[in-house]
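Inside the fold
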Amino acid sequence: MTHDSQPDSTESEGMRRAAAGLLLAAALLTGCSSGGAEEGPAPDESAGGAAGAAVTESVPDPGFRTGAVPVDSLLDEREVRLANLRQLTFGGQNAEAYFSPDGDELIFQATPRDGACDQQYVMNVDGTELRRVSTGRGRTTCGYFVPGTDRIVYSSTHLGAEQCPAEPDFSQGYVWAIYPTYDIFTADAADGSELTRLTETGGYDAEATLSRDGEWIVFTSTRDGDLDIYKMRTDGTEVTRLTEEVGYDGGPFFSYDGSKIVYRASHPTGEREIADYRRLLAENLIRPSQLDIWVMDADGSNKRQLTDNGAANFGPYFFPSGARIIFSSNMDDPEGREFDLYAIDVTGENLERITYSGDFDGFPMFDADGSRLVFASNRGNELPRETNLFIADWVD
């Protein structure tokens, strides 16, 4: 989903702006990784740089390197909320990194430079003890630790085919593929063994994350004919639909106390847009317009829209307090190509820009006490359009 196609003439200026920017984050929906635009600055050579990153032994040549290299030189002077920046991955496309409940490990997805499909990996927060925990077949997305257990959850297309699924048909303009062979699985966090399938309905089941008490999985599915958010128990039972608006609702995360869910949404308006959306969805495609950040109660009630800026806003995550949300957006780039991190109150007030990298910053997550932030970025990439993982101390 990196084809540089132009939206058709029926799209609004806001849709054009969002689509242009999402070309850089083209895999955020079905691949959950992201590409950048131009080569960024090199890692801090005084601290060892990329060459100093340790290559872990437990994964034979995964196609990228891992470590914890200090790169404070990559911080913009305006990025006052971040300190002690460390680069964790080097090479390829690395994104969707999420902390284990104890904050000691990260699960993330990676596509090496050879262009294979995204697979799921776990490593320590210092980049050591890297191991692949998915099957190595098909495409995977959105791994997450299951609190209170030694298991992980992720989505994969491997039951549909061992090969990477086909790229979407861009003859219809800029579209995302909604692979109907995605299902949600759990596996042992140590080595990916004891794989268990949780979803067996036809269509797309993906974008799964967990409540911190380990009781609920929240995810996106087409099981009822639209792209909506559902929750279920960690054994796949008690499936409950939470959204019913026409359009895409996805990328959900629970608040730390489990009382709320934040998500991204794109809702077409008008008969023509709705008809186009439904026609494409029948072909397992969607054409995103703008994406906005929404919050709802954990039972699906009290939905409220936090952003309405005509931009592509995605990857939201709660602060541990539950009072604010951090997310990625291209709202300050007239061309729609630079994505930065922002924070906003759950009331939609007090918007604050966090990063100024010049390319792409996205997929932020706090650890349990809010002292560290992990995110994906194009800063410090060795080759153009590569995305790597970074961790920083959070400064209140």
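Residues numbered from 1 in each chain as written. Predicted model: local features only at pLDDT ≥ 70, side-chain atom pairs only at ≥ 80, totals over all residues. Heavy atoms only, no water.

**As for the overall build of the protein chain**
Definition in use: Secondary structure counts use DSSP, requiring at least four H or I residues in a row for a helix and at least two E residues in a row for a strand, with both numbered from the N terminus. Note on classification: 1.4 Å probe, protein chains only; a residue is buried when its accessible area is under 20% of the maximum for its type, exposed when over 50%, partly exposed between these limits. Contacts are residue-level and defined by heavy atoms, with any inter-residue pair within 4.5 Å sufficient. For every accessible area listed, the method is Shrake-Rupley and the probe measures 1.4 Å; residues are considered covered only by the protein chains on display.
The helix and strand tally for the protein chain stands at two helices and 27 strands. In the protein chain, which comprises 396 residues, the proportion classed as buried is 61%. Within the protein chain, contacts between residues at least 6 apart in sequence are counted, and of these 52% link residues at least 24 apart. Accessible surface, the protein chain as shown: approximately 14,500 Å² in total, 46% of it carbon and sulfur.

**Considering the pattern of salt bridges**
We count it as follows: Each salt bridge in this description consists of a side-chain nitrogen of Lys or Arg and a carboxyl oxygen of Asp or Glu lying within 4 Å of one another.
One pass over the full model with this rule turns up 28 salt bridges. In this structure, R78 and D76 form a salt bridge, with 2.9 Å as the shortest nitrogen-oxygen distance. The exposure class of R78 is partly exposed, given its relative accessible area of 47%. For the salt bridge of R279 with E283, the shortest nitrogen-to-oxygen distance reads 3.7 Å.

**Digging into the pairing of strand β8 (residues 151-156)**
A regular strand places its side chains on the two faces of the sheet in alternate fashion. Note the following rule: Two strands make a pair as long as DSSP finds a minimum of two bridges between them.
For β8, the buried fraction is high: six of the six residues fall into the buried class. In β8, alternate side chains face the same way, and those of R151, V153 and S155 on one face and I152, Y154 and S156 on the other are all buried. When strand β7 (residues 140-145) meets β8, the two strands line up antiparallel, connected through four bridges. Within β8, the residue paired with Y144 across the bridge is V153. Following β7, the chain reverses through five residues before pairing antiparallel with β8; G148 in that reversal takes a positive phi of roughly 80°. Taken together, the six bridges between β8 and strand β10 (residues 183-188) define a ladder with antiparallel strand orientation. Note on β10: the bridge partner recorded for V153 is T186.

**Concerning the packing of aromatic side chains**
Our working definition: Aromatic rings from Phe, Tyr and Trp, with only the six-membered ring used for Trp, were paired whenever their centres fell within 6.5 Å, and each pair was classed as stacked if the ring planes differed by under 30 degrees, edge-to-face if by over 60, and tilted otherwise. Charge-over-ring contacts are defined here by two conditions on Lys NZ or Arg CZ: a distance within 6 Å of the ring centre and an angle within 35 degrees of the ring normal.
Within this structure, the stated rule accounts for 24 aromatic pairs. Between Y144 and F253 the ring centres are 6.3 Å apart and the planes differ by 55°, which places this aromatic pair in the tilted class. Taken together, the residues Y144 in strand β7 and F253 in strand β16 (residues 248-254) connect sequence positions 109 residues apart. Since its relative accessible area comes to 7%, Y144 is described here as buried. Aromatic rings pair up to connect Y98, Y144, F253, Y256 and Y317 into one cluster. Against the face of W216 rests K231, its NZ or CZ located 4.5 Å from the ring centre. A cation over a ring is seen here: R324 above F319, with NZ or CZ 5.8 Å from the ring centre.

**Brief notes about the side chain of S155**
Going by this rule: Residues adjacent in sequence count toward polar contacts only when both atoms are side-chain atoms; beyond that, a polar contact is any pair of N or O atoms within 3.5 Å, and within protein one must be able to donate a hydrogen and the other to accept it.
As for its placement among the helices and strands, S155 is situated in strand β8. Given the relative accessible area of 0%, S155 is considered buried. Of the polar contacts made by the side chain of S155, one reaches the backbone oxygen of D205; its length is 3.4 Å. Every residue in contact with S155, bar those within four places of it in the chain, is listed here: R139, T140, T141, Y182, D183, I184, D205, A206 and E207.

**Description of the state of the cysteines**
Rule in force here: Cysteine sulfur pairs qualify as disulfides if the two atoms are within 2.5 Å.
Counted under the stated rule, the structure contains one disulfide. Between C117 and C164 runs a disulfide, and the two sulfur atoms are separated by 2.0 Å. Residue C117 is located in the loop between β4 (105-111) and β5 (119-124), and its partner C164 is located in the loop between β8 and β9 (176-177); the two are separated by 47 residues in the primary sequence. Taking the relative accessible area as the measure of exposure, C164 reaches 41% and is therefore partly exposed.

**Observations concerning unusual backbone geometry**
The backbone phi angle of E194 is positive, close to 55°, even though this residue is not glycine. Along the chain, E194 turns up in the loop between β10 and β11 (196-197). The phi dihedral of F363 is positive, around 55°, even though this residue is not glycine. Summarising the element assignment, F363 is placed in strand β25 (residues 361-366).

So yeah, pure geometry; function would need other evidence.
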